[in-house]
Amino acid sequence: MNRPAVSIAIGPTDPPPTLVEKAVLEAGAVVSGLDEAQGLIWVGEPAEFPDELPARVKWVQLPAAGVEDWFTARIIARHPGVRFTSAAGAFAASVAEHALMLLLAGVRYLPEHLRATDWRQQDFFPHVGTLRGKTVTIVGAGGIGRALIPMLVPLGAHIIAVNRSGRPVTGPGIPSSVETISADHLGRIWPHTDHVVIAAPATPATRHLVGADELARLKPSSWIVNVARGSLVDTDALVVALSSGAIGGAALDVTDPEPLPAGHPLWKLPNAIVTPHDSNPPQLRFAAFADHVEANVKRFLDGGELLAPIDPARGY
């Protein structure tokens with residue numbers, strides 16, 4: 001006997017994005033208006049979200065991995081009986097690849113190579129490093145961190161993964177040699193790591209997770225890569241550390257403020273790399289989000305555990 005059809009709405013655009021509609025249909029659901037739907041795939045911004053949802057709606061899929069704006073707008077708080085999921089993990093491969101590119105660019109002194117207009121080999125030799133034998137600490141070992149670890153391991157880096165629980169990070173391509181610590185013990189890592197990749201969620205508790213004190217405890221050769229949210233790093237303290245040579249450099253796909261204004265010191269510092277939050281560009285994002293939607297619709301239909309559930313108490 002066939003089970004009753006489950007209706008999923010897609011908003012706020014009409015017609016819905018083709019890839020997302022196809023994902024819902026291939027998962028085995030039907031696409032309907034919001035009034036008939038049991039689930040809602042949202043592809044818009046928080047400001048466009050309905051003030052009220054029909055009682056039939058039990059689940060909402062949000063379009064982003066970072067959901068701090070949805071908490072600021074109190075959207076999740078307004079719908080306590082609805083399960084919300086984010087897109088955390090959907091874009092992990094693309095962002096992890098970008099993080100690796102930024103880290104290697106810094107360690108291999110690429111910015112100065114690109115600026116050079118003459119042969120300066122002897123000037124560059126002292127600054128060109130390697131990841132082999134170095135410790136890379138990944139702060140926020142969720143989807144991005146788990147995707148990044150198998151990229152770093154073949155380069156000979158030792159990995160320290162930092163997560164909330166301290167439970168060992170596992171997954172495809174992640175060796176047992178990866179050290180995992182809880183966020184509560186992050187303070188002891190700063191003097192002992194060579195480089196840091198920030199991939200943690202933005203919450204009030206993680207604001208300025210990397211500030212003047214943390215920067216002062218890093219090595220003069222350390223690079224910081226931030227592919228999470230700009231608020232996790234104290235920008236003013238970072239500019240001071242970069243200007244003084246307290247750390248080797250910073251590579252940022254996210255900034256605070258964002259967009260980074262023209263004329264900001266980070267644009268001019270030779271040991272800073274800034275990319276305009278394009279680690280997950282639209283041409284990659286939509287296909288990855290559609291895959292995530294299809295997987296979660298299937299789980300919703302089967303009554304299974306949904307991917308990337310949002311915990312209102314944690315803020316992500």
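Residues numbered from 1 in each chain as written. Predicted model: local features only at pLDDT ≥ 70, side-chain atom pairs only at ≥ 80, totals over all residues. Heavy atoms only, no water.

Novice: A description of empty space enclosed by the protein should follow, citing residues and the corresponding values.
Specialist: Applying the stated rule across the entire model yields one cavity of 30 Å³ or more. One number sums up the size of the largest cavity: a volume of about 40 Å³. Lining the largest cavity, in full, are N226, G230, V233, T235, L238, L252, V254, T255, D256 and L266. Residue classes in the lining of the largest cavity are distributed as five nonpolar, four polar and one charged. (1 Å grid on protein atoms, 1.4 Å probe; cavity = no way out; pocket = protein on both sides within 12 Å on 5 of 7 lines; lining within 4 Å. Points joined across faces, edges and corners; volume = space filled by probe spheres on them. Nonpolar A, V, L, I, M, F, W, Y, C, P; charged D, E, K, R; others polar.)

Novice: Just give me the short version of helix α7 (residues 143-152), but keep the residues and values in it.
Specialist: Within α7, burial applies to I144, G145, A147, L148, I149 and L152. On its buried face, α7 is in contact with α4 (92-107), β6 (135-139), β7 (158-163) and β9 (195-198). (Buried < 20%, exposed > 50% of the residue type's maximum accessible area, 1.4 Å probe, protein only. Helix = DSSP H or I, 4+ residues; strand = E, 2+ residues; numbered from the N terminus. Contact = heavy atoms within 4.5 Å.)

Novice: Tell me about the sheet that holds β9, and please be specific about residues and values.
Specialist: With parallel pairing, seven strands are arranged side by side in an open sheet as β8-β7-β6-β9-β10-β11-β12. Looking at which strands have only one partner, the edges of the open sheet turn out to be β8 (179-182) and β12 (272-274). Averaged over all pairs of adjacent strands, the angle between strand axes in this sheet comes to 15°, irrespective of strand direction. Where strand β11 (residues 249-252) lies against β12, three bridges are found, and the strand directions are parallel. Paired with L252 across the two strands is V274, which belongs to β12. (Pairing = 2+ DSSP bridges. Axes fitted to C-alpha atoms, helices over the stretch in contact; angles between N-to-C directions.)

Novice: Before we move on, can you summarise the side chain of N226 with the specific residues and values?
Specialist: Mapped onto the elements, N226 comes out in strand β10 (residues 223-226). Residue contacts for N226: discarding those within four places in its chain leaves I198, V233, A251, L252, D253 and V254.

Novice: Go over the packing of aromatic side chains with me, naming the residues and quoting the values.
Specialist: Counting across every chain of the model gives five aromatic pairs. Ring geometry for Y109 and F124: centres 5.6 Å apart, planes at 75°, overall edge-to-face. Of this pair, Y109 sits in the loop between α4 and α5 (110-115) while F124 sits in helix α6 (residues 121-124); the two residues are 15 residues apart in sequence, bridging distant segments of the chain. Counting every residue linked through ring pairs, the aromatic cluster contains W42, F49, W70 and F84. (Phe/Tyr/Trp six-rings, centres within 6.5 Å; stacked < 30°, edge-to-face > 60°.)

Novice: Give me the lowdown on the layout of surface pockets, citing residues and values where you can.
Specialist: Considered as a void within the structure, the second largest pocket measures approximately 360 Å³ in volume. As for the second largest pocket, its lining consists of 18 residues, of which G106, V107, H127, S221 and W223 are closest to the centre. Going through the elements one at a time, α4 and α5 are the ones with two or more residues in the lining of the second largest pocket.

Novice: Lay out the nonpolar core in plain terms, naming residues and giving numbers.
Specialist: Counting residues in hydrophobic clusters, the biggest one holds 51 residues, and the most contacted among them are I8, I41, L103, L152, V197, V227 and V297. Among the elements that make up this core, the one with the highest residue count is α4 (nine residues). When sequence neighbours within four positions are dropped, the list of residues in contact with I41 reads I8, A9, I10, G11, V20, V24, W59, Q61, F289, V293 and V297. Listed in part, the 31 residues of the second largest apolar core include I160, L215, A250 and L252. (Core = buried A, V, L, I, M, F, W, Y, C linked by side-chain atoms within 4.5 Å.)

Novice: I'd love a proper account of the sheet that holds strand β4 (residues 59-61), names of residues and values included.
Specialist: The pairing of strands in a sheet comes from backbone hydrogen bonds and takes either a parallel or an antiparallel form. Taken in spatial order, the five strands of this open sheet run β2-β1-β3-β4-β5, and their pairing is parallel. Strands at the two margins of the open sheet, each flanked by one partner only, are β2 (30-31) and β5 (83-85). For strand β1 (residues 7-11) and strand β3 (residues 39-42), the ladder comprises four bridges, and the chain directions are parallel. Looking across to β3, one finds that G11 is bridged to W42. Here helix α11 (residues 282-302) sits on the sheet and contacts β1, β3, β4 and β5; the angle it forms with β4, its principal contact strand, is near 165°.

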